[in-house]
Amino acid sequence: MSRAKPLPRAADPVVMRSVETRRECPAELLADVSPAPARPEKGWLEGEAETLLWVGRLKNWGEDLAARLSAARTECGVN
Amino acid sequence: MIAGLLSVFSGRRWLAAGAAGLALVAGLFWFRAVLTERLELREKVADSAACTAAVKSGGDLLICPQPVADAATQARRYLECDAALAEGRIYGVASACSAAVKRRDAEAEAAAHEARQLEAELTRTRASAQAALSRAQSRAQALLRKDQNAALALSRAPVGAHGRVRCDDQCLRELLGE
């Protein structure tokens with residue numbers, strides 16, 4: 001009477017692949033945003049209307065940029 | 001008396017007795033060989049029937065000749081593997097499938113996982129882009145309002161000599177939106 005040996009099973013090749021998406025903030029965003037320079041008290045300004053308006057718009061433009069930077073920091077999870 | 005006895009087993013009678021004895025012994029050996037063969041054949045037939053039954057019923061294949069046992073085991077594993085693949089049973093695939101099938105299965109699984117992750121990432125990116133768009137919109141509105149306020153502040157300021165506008169502290173506060 002013969003005794004058959006069991007057939008060995010195939011080896012286990014395991015393919016594991018993992019994708020990890022990490023968002024790294026650039027160093028410029030990690031650095032704190034410096035506050036805008038303070039205006040001298042009781043000051044006044046005299047000049048051409050267009051140029052004075054330009055000064056005001058320059059400040060608004062700077063504030064807009066600061067807001068964008070701040071939003072970017074929030075997206076990065078800094079704040 | 002002794003001589004008479006010897007005379008009985010002498011000559012041709014001795015030869016005949018020897019031949020008969022030899023034939024008997026040979027016959028016994030032949031009979032034994034035939035009997036042994038028959039018994040072995042009977043056992044083989046029984047084993048073969050048991051093996052066939054085992055292959056049919058999915059029973060233990062130990063009784064079968066090695067090549068038959070291997071082939072039957074392989075066939076069973078193919079069926080097991082198919083079922084495991086269809087039902088997505090990882091352990092079933094690992095135990096029954098061949099190495100090539102396992103590799104394909106693992107690769108398909110990994111690819112599906114990757115696709116799910118990328119899809120989630122895409123959904124998140126879309127939501128993030130939507131939020132960024134609305135933030136940009138509100139920032140643009142705020143900037144426009146500030147510019148209008150600045151122009152308004154300057155229009156209220158007094159105009160001096162040579163058409164120069166004098167913007168005092170209060171005017172500056174409005175101009176700069178403080």
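What follows is about the overall build of chain A. When you go through chain A residue by residue, the secondary structure sums to 2 helices and 1 strand. For chain A, the proportion of its 79 residues judged to be buried stands at 19%. Put simply, chain A shows about 6,300 Å² of open surface, and 57% of that area lies on carbon and sulfur atoms.

Moving on, we come to helix α5 (residues 99-156) of chain B. An ideal rise of 1.5 Å per residue puts 86 Å on 58 residues; α5(B) measures up with 85 Å between its terminal C-alpha atoms. Every buried residue of α5(B) is listed here: Lys102(B), Ala106(B), Ala110(B), Glu121(B), Arg139(B), Asp147(B), Ala150(B), Ala153(B) and Leu154(B). Close packing links the buried residues of α5(B) with α2 (49-76) of chain A together with α4 (90-96), β1 (165-167) and α6 (169-175) of chain B.

Now for the state of the cysteines. This structure, assessed with the given rule, holds 4 disulfides over all chains. Linked covalently through their sulfurs, Cys25(A) and Cys76(A) form a disulfide whose S-S length is 2.1 Å. Judged by the sign of its S-S torsion, about -135°, the bond between Cys25(A) and Cys76(A) is left-handed. Remark: Cys76(A) occurs in helix α2 and Cys25(A) occurs in the segment before α1 (27-30); sequence separation between them is 51 residues. Residue classification places Cys25(A) among the buried positions, given a relative accessible area of 17%. Covalently, Cys167(B) is tied to Cys171(B) through a disulfide, its sulfur atoms 1.9 Å apart. Measuring handedness by torsion sign, the sulfur bridge of Cys167(B) and Cys171(B) sits at about -90° and is left-handed.

Each side of the interface is counted separately: chain A has 40 residues, and chain B has 50 residues. Overall, the association of chain A and chain B removes approximately 4,200 Å² of surface from exposure, summing both partners, and the carbon and sulfur fraction of that is 52%. Seen at the junction of chain A and chain B, the total is 8 salt bridges. Taken together, the links from chain A to chain B amount to 15 residue pairs in polar contact (both at pLDDT 80 or more). Only β1 (45-47) and α2 of chain A provide two or more residues apiece to the side of chain A that touches chain B. Counting residues per element, the side of chain A that touches chain B draws most heavily on α2(A), which supplies 15 residues. For the side of chain A that touches chain B, a count of residues per class yields 18 nonpolar, 7 polar and 15 charged.

Criteria and thresholds
- Residues numbered from 1 in each chain as written.
- Chains lettered and ligands numbered in written order.
- Predicted model: local features only at pLDDT ≥ 70, side-chain atom pairs only at ≥ 80, totals over all residues.
- Heavy atoms only, no water.
- Helix = DSSP H or I, 4+ residues; strand = E, 2+ residues; numbered from the N terminus.
- Buried < 20%, exposed > 50% of the residue type's maximum accessible area, 1.4 Å probe, protein only.
- Areas by Shrake-Rupley, 256 points an atom, 1.4 Å probe, with all protein chains shown as cover.
- Expected span 1.5 Å × (residues − 1).
- Contact = heavy atoms within 4.5 Å.
- Disulfide = S-S within 2.5 Å.
- Buried area = accessible area lost by both parts, 1.4 Å probe.
- Salt bridge = Lys/Arg side-chain N within 4 Å of Asp/Glu carboxyl O.
- Polar contact = N/O pair within 3.5 Å; in protein donor to acceptor, adjacent residues only side chain to side chain.
- Nonpolar A, V, L, I, M, F, W, Y, C, P; charged D, E, K, R; others polar.

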